[in-house]
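A look at the structure
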Amino acid sequence: MSTTIKRNGDEWQAQAACIVPDWKQPEEWQPGDALLLPVDAEPNPAYRDASLIGIEFPAFTDGRGLSLAVLLRTRVEYSGELRATGAIHEDVLHYMVRCGFDALELPPGRDADTAVRLLAPYSGHYQGSVSQAQENATRVQRWA
Amino acid sequence: MYQYDEFDRQFLNERVAHYRDQTERYLAGNLSEEEFLQLRLRNGLYVQRLAPMLRVAVPYGTLSAVQLRKLAYIARRYDRGYGHLSTRQNMQFNWPELAEVPDILEALASVEMHAIQTSGSCIRNVTTDEFSGAAADEVLDARPYCEVLRQWSTNHPEFEWLPRKFKIAVTGATHDRAAIAVHDIGLRAYHDANGQVVFDVYVGGGLGRTPVIGALIYSGLPEQHLLSYIESIMRVYNRYGRRDNKYKARIKILVRAMSAEGFKAKVEEDWAHIKGGSAQLNPADLEPLQAAFAPPLFEDLDDQQADIEQWRLQHPAFSQWLHHNVVPHKQRGYAAVTLSTKATGVPPGDVSDEQMDAVADWADQYSFGELRISHEQNFVLPHVPRKHLLTLWQQAQEQGLATANAGLLTDMICCPGGDYCSLANAKSIPVAEAIQRRFDDYDYVHDLGELDINISGCMNACGHHHVGNIGILGVDKKGQEFYQISIGGHSGHSGHDAALGQIVGPSFAREEVSDVLATILDVYVEQRIEDESFLSCFQRIGLDPFKERIYVNND
Ligand code: SF4
């Protein structure tokens, strides 16, 4: 079974994923639905009204989902839950968090404790990010 | 030089700890081969033909004597007593043990060095002119901007997983020694009419199997927008660069597919959203960096011309060295010195721990404790008082670092090739050695003048063969090692835009390469007008005269 790690304020909690969202693809999606986007989706302003957005990574090395997350947070100004799904693993989660994901759905077989431990391996960052705002800017950032 | 502050030190210590954790999880079987591969690459560790290879970043080629001594120590303690200077101004070690790499990284961190993003599909070490801060033709020292880019690109959350590797080069001089036209992003820094620092932004240049000269997409970008504009370039590339075929994944392919204008439009559409935002570079933030790279406390020295003339008469070999390896300095009484690693019989760029220690000592004695690695794979002492040149030359001779060939035929750029690299089609080091042995007559080589020979063992072009005046590329012909030769490439020089070499024709067996080279040089010597350089001569007469002579015997 997969585990989803979610942000709850400044805390992150691992939850066994019991309920699978009723994901809708972009072409059938209506405001209020849970929307599952491929990494090459364009950031449509209408997506602001989704109840939940998932971005599905075909591989953990595919950085398109990171840029898409940044655009959803900054251009679309989507403020609901943004969930990373698909082929992700514990060593890329910290990048995802900084790009604006606040839920991380680990594939079956990954160790949730390790994943939670590795969510923030760095106490400071050289560049600003989407999460900076969410974290009340507690971390040092060198360049905007 | 830039000195780490508490922030940098903490970050680097956390990075080492993070990588140690990753290594342990891999060795414990909790990370797959493929997962760990991506992580170790981003920490500089390749697995080569014979053993792992660790590529240590030397940001923009600048390092201190203290740092070089640590590299010498690493060579002794963890390697077989030598390191290799790469064409991207980095230092590579060929024999580290995978399990010991975290310890090596810890040793590096103790002298403010690392191997972060020296490999993998991410933003790599930023390179620049090896004579930054010293060159007489420098408009401005680009290193403060290189350091900004180093910091900004380090562990960037959005751009760590690009379609392919990404290389940025910056120059601040009139003569572009950083080869900005053949980088993913090339930046030329200068002052505009109001004295403000601005950048010309080139994008989509590169070597490899599809060599391309970069396109100028922004002329005169104000300093404050440097990071935001690059952020937009990176975002467009990250989103639209091809990921289905690694040979088509570099930004140059995307720029070609969209056209330079189309690419620029896409970048600027994104940029419109962020250029006025918080991503602006403030002069106040740059100040500490400008201060870090401020010129050292030069003394008011005589140029020592009389002594130097005297020494030249006494030591003809010194005179040759002075002519080729010593370049004019901004500051009267000083010179910048190239310590060539291209002695015959030594693989180009290889340096022993003893040589590293010696160079570190000379840097302390003569050059404010500072030195450089050039993309031609040599050491440079940037600020040597001219009164010490003779002593330095004598000391360098004892260490085999005084070969008077900087910029000449025997100062070849050469990738590690089939001796070390698992991607190679052919060996490159023995070709370089054969050429050095064949052309060991100083007078002849000197008479030929400026001539870049660049050798790559496969089309990945780590030896930059496309931009060699003569380029040599290892190819595979039915399982046999062959070499394709091209003429006329260069990476941009005094007012000329960079050009890619033209292939002379069918490739040659290894034994033939030196002969073909001799034929090419014969044609040049016969056809040149007065002191015309090889490149100018080629540009005037074209490929045919060379081609005809090379293949005449084969008809
Ligand atoms: S050019 Fe090819 S052979 Fe040479 S180092 Fe690069 S990948 Fe290896």
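Here the structure is a predicted model, which means the values were calculated and not measured. (Residues numbered from 1 in each chain as written. Chains lettered and ligands numbered in written order. Predicted model: local features only at pLDDT ≥ 70, side-chain atom pairs only at ≥ 80, totals over all residues. Heavy atoms only, no water.)

The next thing to look at is the overall build of chain B. A tally of regular secondary structure across chain B gives 18 helices and 21 strands. Since a compact globule built from 555 residues should have a radius of gyration of about 24 Å, the 23 Å found for chain B is in line with a globular shape. Reported as C-alpha extents along the three principal axes, the dimensions of chain B are approximately 60 × 60 × 55 Å. For chain B, buried positions account for 62% of its 555 residues. Relative to all contacts within chain B whose residues are 6 or more apart in sequence, the contacts with residues 24 or more apart total 68%. Total accessible area on chain B stands at roughly 20,500 Å², and carbon and sulfur atoms take up 47% of it. Charge centroids of chain B, computed over 52 positive and 74 negative side chains, lie 7 Å from each other. (Helix = DSSP H or I, 4+ residues; strand = E, 2+ residues; numbered from the N terminus. Rg over C-alpha atoms; globule rule 2.2 N^0.38 Å. Buried < 20%, exposed > 50% of the residue type's maximum accessible area, 1.4 Å probe, protein only. Contact = heavy atoms within 4.5 Å. Areas by Shrake-Rupley, 256 points an atom, 1.4 Å probe, with all protein chains shown as cover. Lys, Arg positive; Asp, Glu negative; His and termini not counted. Charge placed at Lys NZ, Arg CZ, Asp CG, Glu CD.)

Once that is clear, we can look at the side chain of Asn 125 of chain B. All names here are of chain B. Position of Asn 125 among the secondary structure elements: in the loop between helix H4 (101-109) and strand E6 (127-128). Overall, the relative accessible area of 8% leaves Asn 125 in the buried class. At a separation of 3.0 Å, a polar atom in the side chain of Asn 125 contacts the main-chain carbonyl oxygen of Val 58. Apart from residues lying up to four places away in sequence, Asn 125 is in contact with Val 58, Pro 59, Tyr 60, Arg 88, Asn 90, Gln 117 and Ile 168. (Polar contact = N/O pair within 3.5 Å; in protein donor to acceptor, adjacent residues only side chain to side chain.)

The next thing to look at is the sheet that holds strand E10 (residues 215-222) of chain B. In a beta sheet, neighbouring strands are held together by backbone hydrogen bonds and run either parallel or antiparallel to one another. Residues and elements named next belong to chain B. As summarised here, the arrangement of the 5 strands in space is E6-E7-E8-E9-E10, forming an open sheet in which the pairing is mixed. Since the sheet does not close on itself, it has two edges, and those belong to E6 and E10, each with one partner. Sheet strands touched by helix H6 (residues 226-240): strand E8 (185-191), strand E9 (197-203) and E10. Its angle to E10, the strand with the most contacts, is close to 155 degrees. (Pairing = 2+ DSSP bridges. Axes fitted to C-alpha atoms, helices over the stretch in contact; angles between N-to-C directions.)

Residues and elements named next belong to chain B. Of the two faces of strand E14 (residues 370-373), the one carrying Glu 370 and Arg 372 and the one carrying Leu 371 and Ile 373 are both buried. Bridging between strand E3 (residues 62-64) and E14 involves 3 bridges; their strand directions are antiparallel. Directly across from Ser 64, in E14, lies its bridge partner Glu 370. Between the antiparallel neighbours E14 and strand E15 (residues 379-385) lie 5 residues, among them Gln 377 with a positive phi of about 70 degrees.

All told, the structure shown has 0 disulfides over all chains when counted by the stated rule. Note on Cys 146 of chain B: no disulfide assigned, nearest cysteine sulfur contributed by Cys 122 of chain B at a separation of 17 Å. (Disulfide = S-S within 2.5 Å.)

Around the ligand, the surrounding shell consists of Cys 415, Pro 416, Gly 417, Cys 421, Leu 423, Ala 424, Ser 456, Gly 457, Cys 458, Asn 460, Ala 461 and Cys 462 of chain B. Its residues assigned to classes, the shell around the ligand shows 8 nonpolar, 4 polar and no charged. (Near = heavy atom within 4 Å. Nonpolar A, V, L, I, M, F, W, Y, C, P; charged D, E, K, R; others polar.)

Before going further, it helps to spend a moment on the packing of H6 of chain B against helix H8 (residues 260-274) of chain B. Residue and element names in this part refer to chain B. As a packed pair, H6 and H8 sit with axes 8 Å apart at the nearest point and diverge in direction by 120 degrees. Put simply, H6 runs oblique to H8. In this structure, H6 meets H8 at a crossing whose hand is right-handed. Residues Ser 228, Tyr 229, Glu 231, Ser 232, Ile 233, Arg 235, Val 236 and Tyr 240 of H6 form the contact with H8, whose participating residues are Phe 263, Lys 264, Lys 266, Val 267, Glu 268, Asp 270, Trp 271 and Ile 274. The residue inventory of the contact of H6 with H8, partitioned by class, reads 8 nonpolar, 2 polar and 6 charged. (Parallel < 35°, antiparallel > 145°, perpendicular 65-115°, else oblique. Left-handed = near helix turned anticlockwise from the far one by under 90°.)

Between the first and last C-alpha of H8 of chain B there are 21 Å, a value that for 15 residues agrees with the 21 Å anticipated at 1.5 Å per step. Burial in H8 of chain B covers these residues: Ala 260, Phe 263, Val 267, Asp 270, Trp 271 and Ile 274 of chain B. Seen along its axis, H8 of chain B keeps its buried residues to an arc of 105 degrees; they face one direction. Of the residues in H8 of chain B, the exposed ones pointing more than 90 degrees away from the buried face are Glu 261, Glu 269, Ala 272 and His 273 of chain B. If you follow the buried residues of H8 of chain B, they end up packed against helix H1 (64-74) of chain A together with E9, E10, H6 and helix H7 (251-258) of chain B. (Expected span 1.5 Å × (residues − 1). Arc of directions from axis to C-beta.)

Right, let's talk about the packing of aromatic side chains for a bit. Using the criterion set out here, one finds 30 aromatic pairs over all chains in the structure. Seen from their ring centres, Tyr 73 of chain B and Tyr 78 of chain B are 6.5 Å apart, and the 90 degrees between their planes marks the pair as edge-to-face. Judged by relative accessible area, which is 32%, Tyr 73 of chain B ranks as partly exposed. Relative to Tyr 551 of chain B, the ring of Phe 508 of chain B has its centre 5.6 Å away and its plane inclined at 20 degrees; by these criteria the two rings are stacked. Residue Phe 508 of chain B is located in strand E21 (residues 508-509), and its partner Tyr 551 of chain B is located in helix H18 (residues 544-551); the two are separated by 43 residues in the primary sequence. The burial state of Phe 508 of chain B is the same as that of Tyr 551 of chain B; both residues are buried. Ring pairs connect the aromatic residues Tyr 122 and Tyr 126 of chain A together with Phe 7 and Phe 11 of chain B, which therefore count as one cluster. In this structure, Lys 70 of chain B is placed above the aromatic ring of Tyr 73 of chain B, and the distance from its NZ or CZ to the ring centre is 5.3 Å. One cation-aromatic arrangement involves Arg 438 of chain B over Phe 439 of chain B; the distance from NZ or CZ to the ring centre is 5.9 Å. (Phe/Tyr/Trp six-rings, centres within 6.5 Å; stacked < 30°, edge-to-face > 60°. Lys NZ or Arg CZ within 6 Å of the ring centre and 35° of its normal.)

Time to look at the confidence of the model for chain A. Of the residues in chain A, 90% have a pLDDT of 70 or more, and the chain-wide mean is 89. Under a pLDDT of 50 for its full length, residues 134-140 of chain A has, in the predicted model, 15 contacts with residues more than four places off or in other chains. (pLDDT = per-residue confidence, 0-100.)

A common way to express how large an interface is: the accessible area buried when the components associate. Residue and element names in this part refer to chain B. By domain assignment, chain B separates into domain 1 (6-109), domain 2 (142-292), domain 3 (305-398) and domain 4 (413-553). Its C-alpha centre places domain 1 at a distance of 26 Å from the equivalent point of domain 2. The partner domain 2 presents 12 residues to the 9 residues of domain 1 that form the contact. Across the domain 1 to domain 2 interface the summed buried area is about 910 Å²; carbon plus sulfur atoms make up 54%. Taken as a group, Arg 42, Tyr 60 and Arg 88 account for 58% of the area that domain 1 buries against domain 2, more than any other trio of residues on that side. (Domains from an automatic or database assignment. Buried area = accessible area lost by both parts, 1.4 Å probe.)

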